[in-house]
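Here are the chains, one letter per residue:
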Amino acid sequence: MNYRNFRLRHLVLAGAIAFTPMSVMANESVGSTLEDFFTAALDYSPRLKISEQRKAIGEARYDAAKGQLLPQISGQATLTDNERDNGTTTTDFDGERYSVQLRQVLFNWEAFSARRQAISEQDRSEAEYYYELSTVLTEVAEKYFNVLQAQGEVASNQAELDAVKKQLSQIDGQYKKKLAQVTDLLQAQASVAAVESDQIRLQSDLDLAKEALRSASGLGVGKLNDLSDSARSPATSTGLEEWVAMAYDNNYQIKAKEHAIQAAHEGIERRKGAYFPTASLIVERQDSDVGFDNAPIRKTETTYYGVDINVPIWLGGSRGANVREARSLHAIAESELEQIKLDTSELVRSAYLQYKASESSIRAAQSLYDSTTKTADAMAKGFELGTVTNVDVLNAIRDQYQAQRRLQEAKYDSIKFYLILKREAGSLTAEDMVEISRLFKSAASISVNEFGSLFPS
């Protein structure tokens, strides 16, 4: 897989500019659309910055390892003031020696393996970076939906409170006319108090959800674009085992561990290279007017070509210890890959099953909400006619708004499970981003082309 074609950062930024409100583009610290928080998170997330720098380290290490195999050129200059006494005469003279040397590796198994290891490490760091990138985006989306869900619950609670207060007002009027008992009035007051208590809890949940979104993106939470009434998570006909197989092929964490195994294998080869001889081509040009022991000589110009061969014989057993260490690191990398596959399979299966179950949950919650709404309306009319009790009306109101909140929760959970499934399967595409954006009431009309280059082909 060519990770360098994965230009998600630049495409999200470009796509966000295409349909981001002018208030956000004016560098205000408050966001409203999902794209606002995506854009902010890409520049804000410390985790992403750490992963990005690790990727840069991998690239630098590859360049360093490659550089060891390229020609090495060095120069040397020596200027001396000499006094030579041969027992009979003393001579003072200046000495000069200049040299330029080129050294080119011909054979060095350790250096060759180090370069291959650096390539695998670079690919590993890139895969880890892109997994972190997808994680940041899905977490921001999840926290965005959490805020919307919490806002919906607060609004539903407020509507329930208004309905219960209206019922209390009716009972209070009847009580003053001696048409209702004090127990009915107390029951209605208790219901109002219970809903007001829930309101405090739900408002706290909303504040916490906003803080979590702000913490993930560094952007304050403004008036968010809500989901449209007909919003549903994108449908998929792919089966569970196909999702798992897709994750094994495309998941960036699995890819990273596969590269780690290859890097560990090259680490073994690198350690074995210490047993092999090395050979280098040497070309040197030297100008000097001093010879052995700085004896003065006529100025000479020397150019020579040679091959430097070094044969290691005994290094105190350190080479064998290094090979054993490298083999253990390779075994650890293989076990880590198996563990990541198990964890990924569990996540994919869990997200898939919950996603599929959410489809039925939405239908059931919609049916329950419709039923409880009709029941609450009927109970309200029955109460006015005196055919049902106050308790029946209050219970019906409670059931109606609980069903409404359950329906909202089921819708948001479905989208969140879908995003997790796509992330773990490594299959997020431009089409997915477009589909999610179209779920919102105020979403701008965007095209796949606006996101295209952000995703790998």
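In the block above lies the structure referred to throughout.
Residues numbered from 1 in each chain as written. Predicted model: local features only at pLDDT ≥ 70, side-chain atom pairs only at ≥ 80, totals over all residues. Heavy atoms only, no water.

This next bit is on the overall build of the protein. Regarding its fold elements, the protein presents 11 helices and six strands. Here the protein holds 457 residues, and 42% of them are scored as buried. Taking the intrachain contacts of the protein between residues at least 6 apart in sequence as the baseline, contacts between residues at least 24 apart amount to 80%. (Helix = DSSP H or I, 4+ residues; strand = E, 2+ residues; numbered from the N terminus. Buried < 20%, exposed > 50% of the residue type's maximum accessible area, 1.4 Å probe, protein only. Contact = heavy atoms within 4.5 Å.)

Our focus in this paragraph is the packing of helix H3 (residues 34-44) against helix H5 (residues 109-176). One can describe the packing of H3 onto H5 by two numbers: an axis separation of 10 Å at closest approach and a directional angle of 140°. As far as their axial angle goes, H5 and H3 are oblique. For the pair H3 and H5, the sense of crossing is right-handed. Along the contact surface, H3 presents Leu 34, Phe 37, Phe 38, Ala 41 and Leu 42, while H5 presents Leu 133, Val 136, Leu 137, Val 140, Ala 141 and Tyr 144. Along the lines of polarity and charge, the residues of the contact of H3 with H5 split into 11 nonpolar, no polar and no charged. (Axes fitted to C-alpha atoms, helices over the stretch in contact; angles between N-to-C directions. Parallel < 35°, antiparallel > 145°, perpendicular 65-115°, else oblique. Left-handed = near helix turned anticlockwise from the far one by under 90°. Nonpolar A, V, L, I, M, F, W, Y, C, P; charged D, E, K, R; others polar.)

Considering all chains together, one arrives at 21 salt bridges under this definition. A salt bridge links Glu 241 to Arg 349; its shortest N-O distance comes to 3.0 Å. Of this pair, Glu 241 sits in helix H7 (residues 240-250) while Arg 349 sits in helix H9 (residues 318-385), and the two are 108 residues apart along the sequence. Arg 398 is the salt-bridge partner of Asp 399, the closest N and O atoms lying 3.4 Å from each other. (Salt bridge = Lys/Arg side-chain N within 4 Å of Asp/Glu carboxyl O.)

This part takes up the pairing of strand E2 (residues 72-85). Counting buried residues in E2 gives one out of 14 residues, a small share hidden from the surface. Relative to strand E3 (residues 90-107), E2 runs antiparallel, the two being bridged by 14 bridges. Residue Thr 80 lies in a different strand from E3, and its bridge partner there is Gly 95. Linking two consecutive strands that pair antiparallel, namely E2 and E3, is a turn of four residues; a positive phi of about 100° is found at Gly 87 within it. (Pairing = 2+ DSSP bridges.)

Take H7 next. Looking only at H7, the buried set comprises Leu 240, Trp 243, Val 244 and Ala 247. Seen end-on, H7 carries its buried residues on one side only, within an arc spanning 100°. Buried positions along H7 lie against helix H8 (252-272), H9 and helix H10 (390-425). (Arc of directions from axis to C-beta.)

The next thing to look at is the packing of H8 against H9. A pair of packed helices can be characterised by two numbers: the angle between their axes and the separation between those axes. Where H8 meets H9, the axes come as close as 8 Å, and the angle between the chain directions of the two elements is 170°. With respect to each other, H8 and H9 are oriented roughly antiparallel. Within the contact of H8 with H9, the residues separate by chemical class into 11 nonpolar, six polar and eight charged.

Moving on: a nonpolar patch on the surface. A surface patch of nonpolar side chains, amounting to about 1000 Å² of accessible area, comprises Leu 106, Phe 107, Tyr 275, Phe 276, Leu 281, Val 307, Ile 309, Val 311, Ile 313 and Trp 314. Mapped onto the secondary structure, Phe 276 falls in the loop between H8 and strand E5 (278-290). (Patch = residues over 30% accessible without salt bridge, like charges linked within 9 Å, V, L, I, M, F, W, Y side chains within 5 Å. Areas by Shrake-Rupley, 256 points an atom, 1.4 Å probe, with all protein chains shown as cover.)

Pairing within the open sheet is antiparallel, and its four strands lie in the order E2-E3-E5-E6. On the outer flanks of this sheet lie E2 and strand E6 (296-310), each paired with one strand and no other. Across the sheet, the mean angle from the axis of one strand to that of its neighbour is 15°, orientation sign disregarded. Bridge analysis of E3 against E5 gives 10 bridges, and the strand direction is antiparallel. Bridging across to E5, Val 105 finds its partner in Ser 280.

So, about the environment of Gly 152. Residue position: Gly 152 is located in helix H5. Relative accessible area serves as the criterion here: at 13%, Gly 152 is assigned to the buried category. Each C-alpha atom, one on Gly 152 and one on Gln 404, is 9.3 Å from the other, the two residues being 252 residues apart in sequence.

With that settled, consider the nonpolar core. With 39 residues, the main nonpolar core has Val 140, Tyr 144, Phe 145, Leu 227, Ile 436 and Phe 440 as its most contacted residues. Those elements that place two or more of their residues in this core are H3, H5, helix H6 (182-217), H8 and H10. The contacts of Leu 227, once residues within four sequence positions are left out, are Phe 145, Leu 148, Tyr 412, Ile 415, Leu 439, Phe 440 and Lys 441. Grouped together as the second largest cluster of nonpolar side chains are 14 residues, Ile 171, Ala 180, Val 195 and Phe 383 included. (Core = buried A, V, L, I, M, F, W, Y, C linked by side-chain atoms within 4.5 Å.)

What follows is about the side chain of Arg 319. Along the chain, Arg 319 falls in helix H9. The charged side chain of Arg 319 is buried without a salt bridge, its nearest counter-charge being Glu 110 at 8.9 Å. At 3.2 Å, the side chain of Arg 319 and the backbone oxygen of Ala 274 are in polar contact. Those residues in contact with Arg 319, other than ones at most four positions away along the chain, are Ala 274, Tyr 275, Pro 312, Ile 313 and Trp 314. (Lys, Arg positive; Asp, Glu negative; His and termini not counted. Polar contact = N/O pair within 3.5 Å; in protein donor to acceptor, adjacent residues only side chain to side chain.)

Bridge count for E5 against E6 is 12 bridges, and the pairing is antiparallel. Pairing of Leu 281 across the sheet is with Val 307, part of E6.

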